[in-house]
Structures are given as structure tokens and as C-alpha cells.
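One-letter residues, chain by chain:
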Amino acid sequence: MPIFPFGDTPIWFKLLIASICLYFLGHSMRSERFYKIGSFVRSLGVIALLLSGLAFLFSLISF
């Protein structure tokens, strides 16, 4: 049984998990020899975190 059943979770939660993974992957890559690629991956994590916040705010608004 998976910890997070991703079939019925909202998109903001999936983006939040992806942003956390990307951020820490980029952080670990920066501490190794891959500084430029790690910075890029870490910035993708920050962008995914911002998109997750926007998606969460839009999920609270009823249209």
C-alpha cells in the first residue's frame, strides 16, 4: 500500500512533493561537483513550489 495514493490527490499536492524532491536533489548536486546543474534543478524546485502555492490558492476559490 503506497503512503500517498497519487490517483486522487490534488495537483497542488503533487507539485509540492515534486518541488521538495527537486529542491533537495539540487541542493545535494550543488554540494558535489555539479554546481551549475544543481543550481538549475534547485531553481526548478522553487518554481514548482510557487506553482504549488498558486494551485492551492486557486483550489480554495470556488468558481
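Caption draft 1: Layout of the overall build of the chain. Each helix and strand in the chain was counted, giving two helices and zero strands. Each of the 63 residues in the chain was classed as buried or not, and the buried ones make up 17%. Long-range contacts, defined here as pairs at least 24 residues apart, represent 36% of the contacts in the chain between residues at least 6 apart. As displayed, the chain offers around 5100 Å² of accessible surface, 76% of which is attributable to carbon and sulfur atoms.

Caption draft 2: Representation of helix 1 (residues 11-31) within the structure. End to end, helix 1 covers 30 Å across 21 residues, agreeing with the expected 30 Å (1.5 Å per residue, within 8%). Buried positions along helix 1 lie against helix 2 (35-60).

Caption draft 3: Here's a closer look at helix 2. Across its 26 residues, helix 2 extends 38 Å between first and last C-alpha, which sits within 8% of the 38 Å expected from 1.5 Å per residue. For helix 2, the set of buried residues is Gly38, Val41, Gly45, Ala48, Ser52 and Ala55. Contacts from the buried residues of helix 2 go to helix 1.

Caption draft 4: Highlighting the environment of Phe13. For Phe13, the location among the structural elements is in helix 1. Along the primary structure Phe13 and Leu49 are separated by 36 residues, whereas in three dimensions their C-alpha atoms are 10.0 Å apart.

Caption draft 5: Molecular detail of the packing of aromatic side chains. Per the stated rule, a full pass over the model turns up three aromatic pairs. Centroid distance Tyr23 to Phe24: 5.6 Å. Interplanar angle 85°. Geometry classified as edge-to-face. Site record: aromatic cluster; members linked through ring pairs are Trp12, Phe13 and Phe56.

Caption draft 6: Representation of the environment of Met29. As for its placement among the helices and strands, Met29 is situated in helix 1. Sequence separation between Met29 and Phe40 is 11 residues; the distance between their C-alpha atoms is 9.9 Å. When residues no more than four places from it in sequence are discounted, the contact partners of Met29 are Phe34, Tyr35, Ile37, Gly38 and Val41.

Caption draft 7: Layout of a nonpolar patch on the surface. A contiguous nonpolar patch, built from Phe40, Leu44, Ile47, Leu51, Leu54, Phe56, Leu57, Phe58, Leu60 and Ile61 and spanning about 960 Å² of accessible area, is present on the exposed surface. Summarising the element assignment, Leu60 is placed in helix 2.

Thresholds applied
- Residues numbered from 1 in each chain as written.
- Predicted model: local features only at pLDDT ≥ 70, side-chain atom pairs only at ≥ 80, totals over all residues.
- Heavy atoms only, no water.
- Helix = DSSP H or I, 4+ residues; strand = E, 2+ residues; numbered from the N terminus.
- Buried < 20%, exposed > 50% of the residue type's maximum accessible area, 1.4 Å probe, protein only.
- Contact = heavy atoms within 4.5 Å.
- Areas by Shrake-Rupley, 256 points an atom, 1.4 Å probe, with all protein chains shown as cover.
- Expected span 1.5 Å × (residues − 1).
- Phe/Tyr/Trp six-rings, centres within 6.5 Å; stacked < 30°, edge-to-face > 60°.
- Patch = residues over 30% accessible without salt bridge, like charges linked within 9 Å, V, L, I, M, F, W, Y side chains within 5 Å.
- Salt bridge = Lys/Arg side-chain N within 4 Å of Asp/Glu carboxyl O.

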